[in-house]
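Here is what each chain is made of, one letter per residue.
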Amino acid sequence: MDEGKPLFVQIAEQVEESILDGSIAEEAQAPSTNELAVFHRINPATAAKGVNMLVDKGVLYKRRGIGMFVSPGARELLLKERRNDFALRYVQPLLAEAQRIGLGPDDVADLIRTGAGATPAQP
């Protein structure tokens, strides 16, 4: 567990990772809040908060009396969210820096395709 991040967020992220890597398929039952609480040795209310985050996002849904299940389309929803986050965190800053040093998008694409072929700058 990551000390700098709330436990309920970490629980939600772990369930998301399991959906993304196929460990938990769409329409499959997700771990219960009690299972998550016992596994991580946390309060069930904390686990429930993480699960409820995923319900609010449309990743999980509840079947009354049975448990929580992965929503149809949840994997694609998570992939779309991750791709958007990747673009914001990595691609946009990359393109901004490229523009500052006189590279256009095609130049950046060429660098990526060729593995950049860069050598470290000499002091």
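Conventions used here
- Residues numbered from 1 in each chain as written.
- Predicted model: local features only at pLDDT ≥ 70, side-chain atom pairs only at ≥ 80, totals over all residues.
- Heavy atoms only, no water.
- Axes fitted to C-alpha atoms, helices over the stretch in contact; angles between N-to-C directions.
- Helix = DSSP H or I, 4+ residues; strand = E, 2+ residues; numbered from the N terminus.
- Parallel < 35°, antiparallel > 145°, perpendicular 65-115°, else oblique.
- Left-handed = near helix turned anticlockwise from the far one by under 90°.
- Contact = heavy atoms within 4.5 Å.
- Nonpolar A, V, L, I, M, F, W, Y, C, P; charged D, E, K, R; others polar.
- Expected span 1.5 Å × (residues − 1).
- Buried < 20%, exposed > 50% of the residue type's maximum accessible area, 1.4 Å probe, protein only.
- Arc of directions from axis to C-beta.
- Polar contact = N/O pair within 3.5 Å; in protein donor to acceptor, adjacent residues only side chain to side chain.
- Core = buried A, V, L, I, M, F, W, Y, C linked by side-chain atoms within 4.5 Å.
- UniProt positions renumbered as here; feature names shortened; annotations may be inferred.
- Domains from an automatic or database assignment.
- Buried area = accessible area lost by both parts, 1.4 Å probe.
- Salt bridge = Lys/Arg side-chain N within 4 Å of Asp/Glu carboxyl O.

### Some words on the packing of helix H4 (residues 74-100) against helix H5 (residues 105-113)
If you want to describe how two helices pack, look at the angle between their axes and the distance between the axes. Where H4 contacts H5, the axes come no closer than 10 Å and their chain directions differ by 115°. As summarised for this structure, H4 and H5 are arranged roughly perpendicular, according to the angle between their axes. The chirality of how H4 crosses H5 is right-handed. Contacts from Leu94, Leu95 and Ala98 in H4 reach Pro105, Val108 and Ile112 in H5. A per-class count over the contact of H4 with H5 returns 6 nonpolar, no polar and no charged.

### Quick notes on helix H3 (residues 44-57)
Here H3 is 14 residues long and its end C-alpha atoms lie 20 Å apart, about the 20 Å a rise of 1.5 Å per residue gives. If you check which residues of H3 are buried, you get Ala47, Gly50, Val51 and Leu54. In a view along the axis of H3, the buried residues occupy a sector of 95°, so they form one face of it. What points out from H3, more than 90 degrees from its buried face, is the exposed set Ala45 and Asp56. At its buried positions, H3 is contacted by helix H1 (7-20), helix H2 (33-40), strand E1 (60-63) and strand E2 (67-70). The backbone nitrogen of Ala45 lies 2.7 Å from a side-chain oxygen of the residue at the head of H3, namely Asn43. Of the residues flanking the end of H3, it is Gly58, one or two places downstream, whose phi is positive at about 85°.

### Details of the nonpolar core
Counting residues in hydrophobic clusters, the biggest one holds 20 residues, and the most contacted among them are Ile19, Leu36, Leu54, Val59, Leu60 and Val70. Sorting the residues of this core by element identifies H1, H2, H3, E2 and H4 as the ones contributing at least two each. In terms of residue count, H1 provides more of this core than any other element does, 5 residues in total. Leu36 has contacts with Ile11, Val15, Pro31, Ile42, Ala47 and Val51, leaving out every residue within four places of it along the chain.

### Side note on unusual backbone geometry
If you check the backbone angles, Glu27 has positive phi at about 75° while not being a glycine. If you trace the backbone, Glu27 turns up in the loop between H1 and H2. In this structure, Arg41 takes a positive phi of about 55° despite not being glycine. Exposure remark for Arg41: the relative accessible area of 79% places this residue in the exposed category.

### A closer look at the UniProt feature "domain: HTH gntR-type" (unreviewed entry) in the protein
The UniProt record annotates "domain: HTH gntR-type" (unreviewed entry) at residues 5-73. Secondary structure within residues 5-73 divides into 52% helix and 12% strand; the distance between the first and last C-alpha atoms comes to 27 Å.

### Section: the domain arrangement of the protein
Split by domain assignment, the protein resolves into domain 1 (7-72) and domain 2 (75-113). For domain 1 versus domain 2, the distance between C-alpha centres works out to 31 Å. Taking both sides of the interface into account, the surface hidden between domain 1 and domain 2 amounts to around 730 Å²; carbon and sulfur atoms contribute 55%. The tally of links between domain 1 and domain 2 comes to 2 salt bridges. Across the pair Glu81 and Lys57 runs a salt bridge, and its minimum N-O distance is 2.9 Å. Considering every element that reaches the side of domain 1 that touches domain 2, the biggest residue donor is H1, with 4 residues. Looking at side-chain class alone, the side of domain 1 that touches domain 2 contains 3 nonpolar, 1 polar and 4 charged residues.

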